[in-house]
Amino acid sequence: MSGSPETPSPVNVTRLLAEAASKSGVLWVEVPGGSTHAVWFVWHDNDDPRSAGPAIYVVSGTGEQTLPSLPDEVTVILRSKDSGARLLRLKAATRVIDPTAPEWLGAAEVLQAKRLNATGDVLARWREGATIHVLTPHGIPDEGPGAYAAESGRVTVSPARGTTASWRPWHWRGRG
């Protein structure tokens, strides 16, 4: 070779998105002008007649993860299953499935199948007090293999209700 740098082969973003989303259970939803939320999700492809896929299904609300009301478009950040590092960052259209819509039951069943440690009648609980979001990724990624931002994207996590900042719980036989 004559010493010229090799151009990297193009990345098939559709396949990379499907692979990353199907291998992971966590992604980050970034609300424009707002905050970023880590959420568990289910990737649902075109192979199932119940799906609106390929799409990301997220449930939030009573007894589930906390997620604000989402605008029509958000940014989703997918991680690499191997290293845990950011793999893809791209826009996604969002919509809420109404609990009275015919597609709601199919989406809820898809989510319920992947919901770990679910107790009680999950579908009834979700119908009464939860929101099922469908996030449909689209467009050219903001970040991906060969084109990552220089900054790390790291942010300081603010204490939540479940943290013990000042009071230390009592321990049998004291602390070591």
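The structure under discussion appears in the preceding block.
Now for a description of the structure that goes with this document. From a predicted model like this one, the values you see are computed outputs, not experimental measurements. (Residues numbered from 1 in each chain as written. Predicted model: local features only at pLDDT ≥ 70, side-chain atom pairs only at ≥ 80, totals over all residues. Heavy atoms only, no water.)

**Description of the overall build of the protein**
The helix and strand inventory of the protein stands at 3 helices and 7 strands. Counting helices and strands in the order they occur from the N terminus, the protein gives α-β-β-β-β-β-β-α-α-β. Partitioning the intrachain contacts of the protein with sequence separation of at least 6 by distance along the chain shows that 60% fall at a separation of at least 24. A total of about 11600 Å² of accessible surface is found on the protein, and carbon and sulfur atoms cover 53% of it. (Helix = DSSP H or I, 4+ residues; strand = E, 2+ residues; numbered from the N terminus. Contact = heavy atoms within 4.5 Å. Areas by Shrake-Rupley, 256 points an atom, 1.4 Å probe, with all protein chains shown as cover.)

**Observations concerning the pattern of salt bridges**
Within the structure shown, the criterion is met by 4 salt bridges. As a salt-bridge pair, Glu 30 and Arg 89 come within 2.5 Å of each other at their nearest N and O atoms. Of this pair, Glu 30 sits in strand β1 (residues 26-30) while Arg 89 sits in strand β6 (residues 86-97), and the two are 59 residues apart along the sequence. (Salt bridge = Lys/Arg side-chain N within 4 Å of Asp/Glu carboxyl O.)

**Side note on the side chain of Gln 65**
When you line up the elements, Gln 65 lands in the loop between β4 (55-61) and β5 (73-79). Overall, the relative accessible area of 14% leaves Gln 65 in the buried class. Here Trp 40 takes part through its backbone nitrogen, which lies 2.9 Å from a polar atom of the side chain of Gln 65. A distance of 2.9 Å separates the side chain of Gln 65 from the backbone oxygen of Val 59, its partner in a polar contact. Every residue in contact with Gln 65, bar those within four places of it in the chain, is listed here: Ala 38, Val 39, Trp 40, Val 58, Val 59 and Ser 60. (Buried < 20%, exposed > 50% of the residue type's maximum accessible area, 1.4 Å probe, protein only. Polar contact = N/O pair within 3.5 Å; in protein donor to acceptor, adjacent residues only side chain to side chain.)

**A closer look at the environment of Val 29**
Within the secondary structure, Val 29 is located in strand β1. Residue classification places Val 29 among the buried positions, given a relative accessible area of 0%. Taking the C-alpha atoms as reference points, Val 29 and Thr 75, separated by 46 residues in sequence, lie 5.9 Å from one another. If near-sequence neighbours (up to four positions away) are discounted, Val 29 is found in contact with Ser 35, Thr 36, His 37, Val 39, Leu 70, Val 74, Thr 75 and Leu 135.

**Some details on the nonpolar core**
Core analysis: the largest hydrophobic core is formed by 22 residues, its most contacted members being Leu 27, Phe 41, Leu 78 and Leu 135. Only α1 (13-23), β1, β4, β5 and β6 provide two or more residues apiece to this core. Among all residues touching Leu 27, those that are not within four sequence positions of it are His 37, Ala 38, Val 39, Phe 41, Ile 56, Val 76, Ile 77 and Leu 78. Core analysis: the next-biggest nonpolar cluster, separate from the first, contains 16 residues, Ile 97, Val 110, Leu 111 and Trp 126 among them. (Core = buried A, V, L, I, M, F, W, Y, C linked by side-chain atoms within 4.5 Å.)

**A look at the side chain of His 37**
If you trace the backbone, His 37 turns up in strand β2 (residues 36-40). A distance of 2.8 Å separates polar atoms of two side chains, one belonging to His 37 and the other to Ser 35. Contacts of His 37, omitting those with residues within four sequence positions, involve Leu 27, Trp 28, Val 29, Val 31, Leu 67 and Pro 68.

**Re the packing of helix α2 (residues 102-114) against helix α3 (residues 122-129)**
The geometry of α2 relative to α3 is characterised by a closest axis approach of 10 Å and an angle of 125 degrees between their N-to-C directions. In terms of their interaxial angle, α2 and α3 are classed as oblique. Judged by the sense of rotation from one axis to the other, the crossing of α2 with α3 is right-handed. Counted together, Trp 104, Leu 105, Ala 108, Glu 109, Leu 111 and Gln 112 of α2 and Val 122, Leu 123, Trp 126 and Arg 127 of α3 form the full contact between these two elements. Across the contact of α2 with α3, the residue classes break down as 7 nonpolar, 1 polar and 2 charged. (Axes fitted to C-alpha atoms, helices over the stretch in contact; angles between N-to-C directions. Parallel < 35°, antiparallel > 145°, perpendicular 65-115°, else oblique. Left-handed = near helix turned anticlockwise from the far one by under 90°. Nonpolar A, V, L, I, M, F, W, Y, C, P; charged D, E, K, R; others polar.)

**Focus: the environment of Trp 126**
Within the element layout of this structure, Trp 126 appears in helix α3. The exposure class assigned to Trp 126 is buried, which follows from its relative accessible area of 0%. Separated by 3.0 Å, the side chains of Trp 126 and Glu 64 make a polar contact.

Structural measurements only, silent on function.
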